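Structure at a glance
Chain by chain, the residues run as shown.
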Amino acid sequence: MIEIEWIAAPVIGGLIGLITNGIALKMLFRPFHPVKIGKWTLPFTPGLIPKEQGRIAKAIGKVVGDELLDTGTLQQALASESLHQSLNRKIDNVIEELGHETRSVGEVLEEKGVRSTADLAVAYVGEHLPCYVTDRLIEQGVGETLLDRAMEEVMGNLSPMIAVMAGSAIAGSRAGILEKMNELIEEQCPEIISGYLDQEVQSWMDRPMKEVGVFLWDKKEIIKGKIWEAYLQILEKKSAGFLKKLDVSAIVEERINQFDMQELENMIMEIARKELHALVWIGGLLGMVIGFVNVLF
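None of these values were measured; they are calculated from a predicted model. The numbers attached to residues start from 1 for each chain and follow its sequence in the written order. Totals for whole chains, interfaces and linings use every residue, but because this is a predicted model, local features are given only for residues with pLDDT of at least 70 and side-chain atom pairs only at 80 or more, for both listing and counting. Think of the side-chain values as coming from all heavy atoms in the structure, minus any hydrogens and water.

1. Digging into the nonpolar core
In terms of nonpolar packing, the biggest core is built from 13 residues, with Ile49, Val248, Val252, Ile256, Met261 and Leu264 touching the most fellow members. Strands are runs of DSSP state E lasting at least 2 residues, helices are runs of H or I lasting at least 4, and numbering of each runs from the N terminus. Only α3 (53-68), α13 (248-258) and α14 (261-296) provide two or more residues apiece to this core. Ranked by the residues each element gives to this core, the list is headed by α13, at three residues. When sequence neighbours within four positions are dropped, the list of residues in contact with Met261 reads Phe32, Ile49, Pro50 and Gln53. In these notes, a set of buried Ala, Val, Leu, Ile, Met, Phe, Trp, Tyr and Cys residues joined through side-chain atoms within 4.5 Å is what counts as a nonpolar core. Any residue under 20% of the maximum accessible area for its type is buried, any over 50% is exposed, and the rest in between are partly exposed; the area is computed with a 1.4 Å probe on protein chains only. Grouped together as the second largest cluster of nonpolar side chains are eight residues, Leu98, Val105, Ala118 and Val212 included. Should any heavy atoms of two residues lie within 4.5 Å, those residues are counted as being in contact.

2. Here's the deal with unusual backbone geometry
Residue Arg30 is joined to Pro31 through a cis peptide bond whose omega torsion reads -5 degrees. By the element assignment, Pro31 lies in the loop between α1 (2-27) and β1 (36-37).

3. Focus: the environment of Ala118
Within the fold, Ala118 resides in helix α7 (residues 115-139). Along the backbone, Ala118 and Gly106 are 12 residues apart, and their C-alpha atoms lie at a distance of 9.5 Å. Aside from chain neighbours lying at most four places away, what touches Ala118 is Leu109 and Met205.

4. Here's the deal with the side chain of Ser249
Note on placement: Ser249 falls in helix α13. Pairs of N or O atoms are called polar contacts if they sit within 3.5 Å, as long as, within protein, a hydrogen donor faces a hydrogen acceptor (for residues adjacent in sequence, only side-chain-to-side-chain pairs). In terms of polar contacts, Ser249 uses its side chain to reach the backbone carbonyl oxygen of Gly61, at 3.0 Å. Beyond its immediate chain neighbours, meaning those up to four positions away, Ser249 contacts Gly61, Lys62, Gly65 and Asp66.

5. Remarks on the packing of aromatic side chains
Each pair of aromatic rings taken from Phe, Tyr and Trp, with Trp reduced to its six-membered ring, is defined by centres within 6.5 Å and is described as stacked if the planes are under 30 degrees apart, edge-to-face if over 60, and tilted in the remaining cases. In total, this model carries two aromatic pairs according to the counting rule given. With 5.8 Å between their ring centres and 65 degrees between their planes, Trp204 and Phe215 make a pair best called edge-to-face. Remark: Phe215 occurs in helix α11 (residues 209-218) and Trp204 occurs in helix α10 (residues 174-206); sequence separation between them is 11 residues. Seen from their ring centres, Trp228 and Tyr231 are 5.2 Å apart, and the 35 degrees between their planes marks the pair as tilted. Pair noted here: Trp228 and Tyr231 are both in helix α12 (residues 220-246), with a separation of three residues, about one helical turn.

6. Overview of the environment of Ala24
Turning to its location among the elements, Ala24 is positioned in helix α1. Between the C-alpha atom of Ala24 and that of Asp135, which follows or precedes it by 111 residues, the distance is 79 Å.

7. Describing helix α6 (residues 105-112)
Those residues of α6 that fall on the buried side of the exposure criterion are Val105, Gly106, Val108 and Leu109. For α6, the arc enclosing every buried residue in end-on projection is 165 degrees, short of the 170-degree limit, so these residues lie on one face. Where the residues of α6 are buried, they touch α7, α10 and α11. Of the residues one or two after α6, Gly113 is the one with positive phi, at around 80 degrees. Throughout, the arc means the angular range of directions from the helix axis out to the C-beta atoms.

8. Quick notes on the packing of α7 against α10
Geometry is summarised by axes, namely lines fitted to C-alpha atoms with helices restricted to the contacting stretch, and by angles between N-to-C directions that run from 0 to 180 degrees. Two elements in contact, α7 and α10, have axes whose closest approach is 9 Å; the angle formed by their N-to-C orientations is 150 degrees. Here α7 lies roughly antiparallel to α10, going by the angle between them. Once α7 is placed against α10, the crossing between them reads as right-handed. Two secondary-structure elements touch here, α7 through Arg115, Ala118, Asp119, Val122, Val125, Gly126, Leu129, Pro130, Val133, Thr134, Leu137 and Ile138 and α10 through Asn182, Ile185, Glu186, Cys189, Pro190, Ile193, Ser194, Leu197, Val201 and Met205. Any angle that is under 35 degrees is reported as roughly parallel, and any over 145 degrees as roughly antiparallel; angles of 65 to 115 degrees are reported as roughly perpendicular and all others as oblique. Left-handed is the label given to a crossing in which the near helix is rotated counterclockwise from the far helix by less than a right angle, and right-handed is the label when the rotation is clockwise.

9. A closer look at α11
Buried within α11 are the following residues: Met209, Val212 and Gly213. The buried residues of α11 occupy one face: seen down the axis, they fall within an arc of 105 degrees. Opposite the buried face of α11, by more than 90 degrees, sit the exposed residues Val214 and Asp218. Taken together, the buried residues of α11 touch α5 (81-98), α6 and α10.

10. As for the packing of α5 against α11
Look at α5 against α11: their axes get within 7 Å of each other, and the N-to-C directions meet at 140 degrees. One way to sum up the angle between α5 and α11 is to call them oblique. Contacts between α5 and α11 involve Asp92, Ile95, Glu96 and Leu98 from the former and Met209, Lys210, Gly213, Leu216 and Trp217 from the latter. Each residue belonging to the contact of α5 with α11 can be placed in one class, and the counts come to five nonpolar, one polar and three charged. Each residue gets one of three labels, nonpolar for Ala, Val, Leu, Ile, Met, Phe, Trp, Tyr, Cys and Pro, charged for Asp, Glu, Lys and Arg, and polar for the others, Gly among them.

11. Some details on the confidence of the model for the protein
Do not read the fine detail of predicted coordinates wherever pLDDT is low. With 92% of its residues at a pLDDT of 70 or more, the protein has an overall mean of 82. Every residue carries a pLDDT, the predictor's confidence in it, which falls somewhere between 0 and 100. By mean pLDDT, helix α9 (residues 160-172) is the weakest element of the protein at 64, and α5 is the strongest at 90.

12. Considerations on the pattern of salt bridges
Here, a salt bridge means any Lys or Arg side-chain nitrogen found within 4 Å of an Asp or Glu carboxyl oxygen. Under the defined criterion, the tally for this structure stands at nine salt bridges. Between Asp92 and Lys224 there is a salt bridge; the shortest N-O distance is 3.2 Å. Remark: Lys224 occurs in helix α12 and Asp92 occurs in helix α5; sequence separation between them is 132 residues. Exposure class is identical for Asp92 and Lys224. Each is buried. The network of salt bridges with common partners includes Asp92, Lys220, Glu221 and Lys224.

Right, dumping it as C-alpha cells:
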C-alpha cells in the first residue's frame with residue numbers, strides 16, 4: 001500500500017499540475033466574450049487578455065512609443081552604417097545607369113514626368129539668383145575694387161608730371177565714379193546673370209544624359225558625402241517632430257485594440273509557444289514534487 005502511495009501521489013500531483021496550468025493558459029484568452037446566465041456573468045469570463053485588452057494595448061503602446069521607438073532609436077536606425085552603404089550603392093547604380101543613357105537630359109526628364117518640376121525650379125532660381133548675386137557683389141565692394149584697379153592702371157600709364165596733376169582731380173571724382181559703377185552693376189548684372197543661366201540650362205538640357213553621368217561619376221564621392229550630410233541634418237532636425245506627429249503609442253494601442261482575439265491568441269502562441277508549454281510542464285513537475293512531499297510527511 002505504501003509503495004502504491006509513493007507512485008500514485010506524485011503522478012496524481014503531476015497530472016493536477018499539468019491540468020491546472022493548461023486550464024490557466026487557456027483562460028488567458030478564453031472565453032473570448034463574457035458568458036452570461038440571465039443577468040449574471042459567469043466569473044472569469046471573458047478570459048484575462050480579452051477582458052484587459054484596452055489596458056494591455058495602452059501599456060504596450062506606451063512602452064513602444066516612449067521606450068522602444070524614441071527619437072534616439074529612430075535616428076540611430078535611420079543613420080545606420082548599413083543604410084549609409086545601401087544609399088551609396090543606390091547612388092552608384094543611378095549614376096552608372098545615366099552613363100549608358102543616349103537621350104538628352106531634357107528628354108529623360110520629360111520621360112520621367114519631372115520636366116515641368118525642373119522648369120519651375122530653374123525659373124525660381126532664375127528669378128531670385130541674379131538679384132541675390134548682384135546685391136552680394138555690391139556688398140562685397142566689387143565696384144570699388146574694379147575702380148581702384150582701373151585708377152591704378154590709368155595712373156601707371158601716365159607720365160609722372162601728368163599723374164601728379166591729374167591725381168587730385170581723379171581722387172575728387174572717385175565717389176561719383178564709384179556710385180555710377182554700382183548703379184551700372186545693379187542695372188546690368190541681373191540681365192547678364194539671367195542670360196547666362198538660361199544659356200547654361202538649355203545647354204545642359206540638350207546634352208546627352210551619358211555626359212552628365214560621366215561628370216557625376218567623377219564627382220560621385222563628393223556627391224555621396226553631400227547627400228548623406230544633408231540627410232543627417234534633416235534627420236536630426238525633423239525626427240523628433242515626425243515621431244510626435246506620428247504618435248507611435250496611439251497607433252500601437254489602436255492596432256492591438258483592433259485585433260480579433262483568435263488572431264491575437266494565435267500570434268502570441270506562435271511567438272511564445274515553447275515558453276508557455278514549458279510553464280504547463282513546470283506545473284506538472286511542481287505537482288509531482290508536492291505529491292512526493294505529501295507522502296514523506
